[in-house]
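Examination of the molecular architecture
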Amino acid sequence: MNRLTVLGLATVFCAGACGGERAAPAPEQPDGPPAAAAPDPTMLPTPQQNAAGAFSVACGGQPYSVAFTDFAATLTYDDGATAELPQQPATADTEPGVTVYSNGQVSFAKSGEGASSVIRFARARMPWKDCVIAQN
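One structure accompanies this document, and this report is about it. (Residues numbered from 1 in each chain as written. Predicted model: local features only at pLDDT ≥ 70, side-chain atom pairs only at ≥ 80, totals over all residues. Heavy atoms only, no water.)

What follows is about the nonpolar core. Counting residues in hydrophobic clusters, the biggest one holds 16 residues, and the most contacted among them are V57, V66, F68, L75 and F108. The set of elements that each furnish at least two residues to this core consists of β1 (55-59), β2 (62-68), β3 (72-77), β4 (82-86), β6 (106-111) and β7 (118-123). Non-local contacts of F68, meaning those with residues more than four positions away in its chain, are made with F55, A73, Y101, F108, K110 and I119. (Core = buried A, V, L, I, M, F, W, Y, C linked by side-chain atoms within 4.5 Å. Buried < 20%, exposed > 50% of the residue type's maximum accessible area, 1.4 Å probe, protein only. Helix = DSSP H or I, 4+ residues; strand = E, 2+ residues; numbered from the N terminus. Contact = heavy atoms within 4.5 Å.)

The following block contains the structure:
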């Protein structure tokens, strides 16, 4: 036999006999789908989570859906587009009991709770208009 062949076979047998390191077995895959992560209580609600508490309103003949939270209002237009309106700090001109939400282009003012809510609407610096709350 050729010297290189013998040397190669000897190396293979020696490596096998020495018990070189074995590869780690692959981790077992779970049988079912992965478990859903628990909701994070520190995260702000999404518009989908607010949809149940949204008001359907008509302001100046335009239909909107607006959901109010402690820190913002989520406005949903009739075509499904949404806008986040942050709550504005009270100023000297703010009426007592009225909370204003605005992104600078669209503003909503809300006073009262539930069925006794009064919602007003304004674009940019236009005057406020009362909204009609749809009965669900």
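Glycine aside, residues mostly have negative phi angles, and peptide bonds mostly take the trans form. Although it is not a glycine, A124 adopts a positive phi angle of roughly 45°. Tracing the chain through its elements places A124 in the loop between β7 and β8 (129-133).

Attention now goes to the sheet that holds β7. Judged by pairing direction, the sheet is antiparallel, and its eight strands sit side by side in the order β4-β3-β2-β1-β8-β7-β6-β5 without closing on themselves. What marks the edges here is a single partner per strand, and that holds for β4 and β5 (98-102). Strand-to-strand twist in this sheet, taken as the mean axis angle between neighbours without regard to direction, amounts to 30°. Note that β2 and β3 share five bridges and pair antiparallel. Within the sheet, the bridge partner assigned to S65 lies in β3 and is T76. (Pairing = 2+ DSSP bridges. Axes fitted to C-alpha atoms, helices over the stretch in contact; angles between N-to-C directions.)

A complete count under the given rule lists two salt bridges for this structure. Across the salt bridge formed by R120 and E95, the nearest N and O atoms sit 3.3 Å from each other. Placement of the pair is R120 in strand β7 and E95 in the loop between β4 and β5, with a sequence separation of 25 residues. (Salt bridge = Lys/Arg side-chain N within 4 Å of Asp/Glu carboxyl O.)

All we've got here are geometric facts, nothing functional implied.
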